[in-house]
Amino acid sequence: GHAVWYSFLQISLAIYFLWQQMGPSCLGGVAVIIVMIPLNKILGTWMGRLQKKLMIARDNRVDVNNEVLSNMKVIKLQAWEGSFKKRIEGLRRIELKCLRGYILANCFVMMMWTAVPLCVALATFAAYTLSGHDLDVANALTALALFDIL
């Protein structure tokens, strides 16, 4: 219950202290954070679609596997092993293609989220130096500590 107002207070204080430390240059980092909010929604929707596609492919393969296992006598008597094997292998290829796409997309999303703190710091420090200030170690480390709070 307290997380909502506490988070708002914590973010507000961090931005206030960043403003005190870096001036308006801190808005560069805040802009990166704001841009990432709708991007997170887009990436989440994309990952959901990929996961749904993967689950459908997996379900199709498992259904055929179950059909083969439950009708093993008939399949053996009719010598249908080859056709079912090809069918299962084809469904498995489709599933693996979906899985590969999902894993690559997941890696991309993880990379994006790993890069966000770096982008926030770079945007802030670039705005700070481009506005004519000298970035010293004390300002940089203080700003980085405050960005960790965000």
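This text goes with the structure placed above it.
Everything numeric in this text was worked out from a predicted model, so none of it was measured.

Calculation notes
Residues numbered from 1 in each chain as written. Predicted model: local features only at pLDDT ≥ 70, side-chain atom pairs only at ≥ 80, totals over all residues. Heavy atoms only, no water. Helix = DSSP H or I, 4+ residues; strand = E, 2+ residues; numbered from the N terminus. Rg over C-alpha atoms; globule rule 2.2 N^0.38 Å. Contact = heavy atoms within 4.5 Å. Areas by Shrake-Rupley, 256 points an atom, 1.4 Å probe, with all protein chains shown as cover. Core = buried A, V, L, I, M, F, W, Y, C linked by side-chain atoms within 4.5 Å. Buried < 20%, exposed > 50% of the residue type's maximum accessible area, 1.4 Å probe, protein only. Axes fitted to C-alpha atoms, helices over the stretch in contact; angles between N-to-C directions. Parallel < 35°, antiparallel > 145°, perpendicular 65-115°, else oblique. Left-handed = near helix turned anticlockwise from the far one by under 90°. Nonpolar A, V, L, I, M, F, W, Y, C, P; charged D, E, K, R; others polar. Salt bridge = Lys/Arg side-chain N within 4 Å of Asp/Glu carboxyl O. Expected span 1.5 Å × (residues − 1). Bend = angle between axes of the 7 residues up to and from the residue. Polar contact = N/O pair within 3.5 Å; in protein donor to acceptor, adjacent residues only side chain to side chain. Patch = residues over 30% accessible without salt bridge, like charges linked within 9 Å, V, L, I, M, F, W, Y side chains within 5 Å.

## Overview of the overall build of the chain
The helix and strand tally for the chain stands at five helices and zero strands. The C-alpha radius of gyration of the chain comes to 26 Å, more than 25% above the 15 Å expected for a compact globule of 150 residues. In terms of its C-alpha atoms, the chain occupies a principal-axis envelope of roughly 80 × 35 × 20 Å. Partitioning the contacts of the chain with sequence separation of at least 6, the portion at a separation of at least 24 is 74%. Accessible surface for the chain amounts to roughly 10400 Å². Of this, 68% is attributable to carbon and sulfur atoms.

## Brief notes about the nonpolar core
In terms of nonpolar packing, the biggest core is built from 13 residues, with Leu18, Met22, Phe125, Ala143 and Phe147 touching the most fellow members. Looking at this core, the elements that each hand over two or more residues are helix H1 (2-22), helix H2 (26-70), helix H4 (81-130) and helix H5 (137-149). With five residues, the single largest contributor to this core is H4. Excluding its chain neighbours within four sequence positions, the residues that come into contact with Ala143 are Leu18, Met22 and Phe125. Membership of the second largest hydrophobic core comes to nine residues, among which are Met47, Cys98, Tyr102 and Ala105.

## Some words on the packing of H4 against H5
At a minimum axis distance of 11 Å, the contact between H4 and H5 shows a crossing angle of 140°. Compared by their axis directions, H4 and H5 come out oblique. The interaxial crossing formed by H4 with H5 has right-handed handedness. Of the residues in H5, those touching H4 at Val120, Ala121, Thr124, Phe125 and Tyr128 are Asn139, Ala140, Ala143, Leu144 and Phe147. Of the residues in the contact of H4 with H5, the class split is eight nonpolar, two polar and no charged.

## Examining the pattern of salt bridges
The full count for this structure, using the stated rule, is five salt bridges. A salt bridge links Arg61 to Glu95; its shortest N-O distance comes to 2.3 Å. Here Arg61, found in helix H2, pairs with Glu95, found in helix H4; they are 34 residues apart in sequence, far enough to count as distant. Look at Glu95 and you get buried, because its relative accessible area is 2%. Two residues, Lys76 and Glu81, come together in a salt bridge whose shortest N-O distance is 3.4 Å. What you see here is one network of salt bridges that share partners, running through Arg58, Arg61, Arg92 and Glu95.

## Observations regarding H4
Think of an α-helix as turning once every 3.6 residues; residues three or four places apart then point the same way. In this model, H4 (50 residues) spans 70 Å end to end at C-alpha, consistent with the 74 Å of a helix rising 1.5 Å per residue. Of all the bends in H4, the greatest, near 35°, is centred on Val116, and the proline Pro117 appears no more than four residues after it. At the C-terminal side of H4, Gly132 shows a positive phi close to 95°.

## Re the side chain of Thr124
With respect to the helices, strands and loops of the structure, Thr124 is situated in helix H4. Among the residues examined, Thr124 registers a relative accessible area of 0% and is labelled buried. Polar contacts involving the side chain of Thr124 include one to the main-chain amide nitrogen of Gly29, which spans 3.2 Å. What Thr124 contacts, discounting residues up to four positions off in sequence, is Met22, Ser25, Cys26, Gly28, Gly29 and Phe147.

## Things to note about a nonpolar patch on the surface
A cluster of nonpolar side chains, namely Leu9, Leu13, Tyr16 and Phe17, defines an oily patch on the protein surface of about 380 Å² accessible area. Residue placement: Leu13 occurs in helix H1.

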